[in-house]
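A closer look at the structure
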Amino acid sequence: MKKRALFIDRDGTIIVEPPVTEQVNTLEELEFLPGAIRNLYFIARNLDFELVMVTNQDGLGTPAYPMENFEKVQGKMLQILEGEGVVFNDIKIDKSRPEDGLPTRKPGTGMLTAYMDGSYDLSSCYVIGDRETDEQLAENLGAKAIRIGSDRFPDWDKICEYLFAGERSCSVSRKTKETDIKIALDLDGTGKTSVSTGIGFFDHMLEQIGKHAGIDLTIDVHGDLNVDEHHTIEDTGIALGEALSKALGDKRGIERYGYCLPMDDCLCSVALDFGGRPWLVWDVELKREKVGDFPTEMLMHFFKSLSDNAKMNLNVKAEGENEHHKIEGIFKAFARSIKMAIKRDIYKFELPSTKGSL
């Protein structure tokens, strides 16, 4: 079986990089990034990755950056890490400057030729760093890149969760004689949305789900709107429910439940349970036939289709006078409920059920 490795940058990734010199030159400057030690320990204890430090140290050994200073900082850093159960299998240090153009300097792979002999599954390895050169190194190796400080990986907590529990993203396609639907979602995204159903108000509501749940959501629908809106709205609910169910996987570590939201004159309550038993309780009265180009009679039908296919128990209540606010409040409350329910804790990575399955 081929081995796996994490190729981890040092300054700016494990320890804080000074803003001016961009190199830690004294023990007084040594400071670990928040969560770095705790999460590296979790990774070392629970996963089968070898830990490899890969770092450029510009001009190491020059009067401005004495080797003695580097060795003190490096020794103290490794001593602290080892005391917390984090031991690097290998340490690769490039001492050149950018103008030297050496293949050992990131993003060159010269320091890592030993890992390119076929004994490592590089497609399952990761380069973790804070710069574009770290991402380029990953590409040059044929590995995957994790850039700390990015929207996707803002900190070590997110990195550790991703490495341990995996990504929760999926794509769903559903094609019938009435509709052609493609949905992609990432439950651990940042709220980016791209929605096109041909029904403007419906697009606006679906965007609320992605934005307020903090999930990346792409929905592309081509339906028989020349007939009416029914098939487009119903089938979008079916496909979105399937996507949620698929992305959640075995639901290990999730909160499972979510719930509420006021919007102007309205109070909208949405409680949900990803417990595997679909059920819809609907306590919403809508007086207008349409809001924009959206037929209000389809609102319950949409959430029924969604809850059935997401295998969720969904309880929706709304009160107020403005129909637009009421519907938008329902979608926003639904989104916030999802955000609460899909929250994942890798330190309590178990099924949230006494039954042992969901």
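Since the structure is predicted, the reported quantities are computational estimates derived from the model, not experimental observations. (Residues numbered from 1 in each chain as written. Predicted model: local features only at pLDDT ≥ 70, side-chain atom pairs only at ≥ 80, totals over all residues. Heavy atoms only, no water.)

Remarks on the layout of surface pockets
The space that makes up the largest pocket amounts to roughly 390 Å³. Taken together, 20 residues form the lining of the largest pocket, with Lys158, Glu161, Asp188, Lys343 and Arg344 sitting closest to its centre. Listed by contribution, the elements that provide at least two residues to the lining of the largest pocket are helix H4 (156-165) and helix H8 (323-342). Counting residues per element, the lining of the largest pocket draws most heavily on H4, at 3 residues. When grouped by side-chain class, the residues that make up the lining of the largest pocket number 6 nonpolar, 2 polar and 12 charged. Approximately 260 Å³ is the volume attributed to the second largest pocket. Lining the second largest pocket are 16 residues, and of these Glu17, Asn56, Asp58, Arg105 and Arg131 lie nearest its centre. Going through the elements one at a time, strand S2 (49-56) and helix H3 (132-141) are the ones with two or more residues in the lining of the second largest pocket. The class makeup of the residues in the lining of the second largest pocket is no nonpolar, 6 polar and 10 charged. (1 Å grid on protein atoms, 1.4 Å probe; cavity = no way out; pocket = protein on both sides within 12 Å on 5 of 7 lines; lining within 4 Å. Points joined across faces, edges and corners; volume = space filled by probe spheres on them. Helix = DSSP H or I, 4+ residues; strand = E, 2+ residues; numbered from the N terminus. Nonpolar A, V, L, I, M, F, W, Y, C, P; charged D, E, K, R; others polar.)

A few points about the UniProt feature "active site" (unreviewed entry) in the chain
Here, UniProt's "active site" (unreviewed entry) annotation points to Asp9 and Asp11. From the list above, the second largest pocket is lined by Asp9 and Asp11. Its place among the elements puts aspartate 9 in the loop between strand S1 (4-8) and helix H1 (36-46). Contact partners of aspartate 9, with chain neighbours within four places excluded, come to Ile14, Val54, Thr55, Lys106, Ile128, Gly129, Asp130 and Asp134. (UniProt positions renumbered as here; feature names shortened; annotations may be inferred. Contact = heavy atoms within 4.5 Å.)

A word on the packing of H1 against H4
It is the contact of H1 with H4, at a shortest axis distance of 9 Å, that shows an interaxial angle of 10°. On the basis of the axis angle, H1 is roughly parallel to H4. Residues Ala36, Arg38, Asn39, Leu40, Phe42, Ile43 and Asn46 of H1 form the contact with H4, whose own contacting residues are Trp156, Asp157, Cys160, Leu163 and Phe164. In the contact of H1 with H4, the residues fall into 8 nonpolar, 2 polar and 2 charged. (Axes fitted to C-alpha atoms, helices over the stretch in contact; angles between N-to-C directions. Parallel < 35°, antiparallel > 145°, perpendicular 65-115°, else oblique.)

A look at the pairing of strand S12 (residues 266-273)
Bridging between strand S10 (residues 257-259) and S12 involves 3 bridges; their strand directions are antiparallel. What sits directly across from tyrosine 257, in S12, is aspartate 273. (Pairing = 2+ DSSP bridges.)

Quick word on unusual backbone geometry
The step from lysine 106 to proline 107 runs through a cis peptide bond, and the omega angle for that step is 15°. Inspection of the secondary structure puts proline 107 in the loop between strand S3 (90-94) and strand S4 (126-129). For lysine 251, which is not glycine, the phi dihedral falls at a positive 65°. Structurally, the position occupied by lysine 251 is in the loop between helix H6 (230-248) and S10. Positive phi values are uncommon outside glycine, yet arginine 256 reaches one of about 80°. Tracing the backbone through its elements, the reader meets arginine 256 in the loop between H6 and S10.

Let's talk about the UniProt feature "binding site: Mg(2+)" (unreviewed entry) in the chain
As annotated by UniProt and renumbered to match this structure, "binding site: Mg(2+)" (unreviewed entry) occupies Asp9, Asp11 and Asp130. Across 122 residues of sequence, these annotated residues stay compact in space, with a maximum C-alpha separation of 8.5 Å. Annotated residues from the preceding list that form part of the lining of the second largest pocket: these are Asp9, Asp11 and Asp130. The residue aspartate 130 is located in the loop between S4 and H3 in this model. If we ignore the near neighbours within four places in the chain, the residues touching aspartate 130 are Asp9, Asp11, Gly12, Thr13, Glu17, Arg147 and Ile148.

Here's the deal with a nonpolar patch on the surface
Together, Tyr257, Tyr259 and Met340 line one region of the surface with nonpolar side chains, adding up to about 330 Å² of accessible area. Assignment of secondary structure puts tyrosine 259 in strand S10. By relative accessible area, which is 54% here, tyrosine 259 ends up exposed. (Patch = residues over 30% accessible without salt bridge, like charges linked within 9 Å, V, L, I, M, F, W, Y side chains within 5 Å. Areas by Shrake-Rupley, 256 points an atom, 1.4 Å probe, with all protein chains shown as cover. Salt bridge = Lys/Arg side-chain N within 4 Å of Asp/Glu carboxyl O. Buried < 20%, exposed > 50% of the residue type's maximum accessible area, 1.4 Å probe, protein only.)

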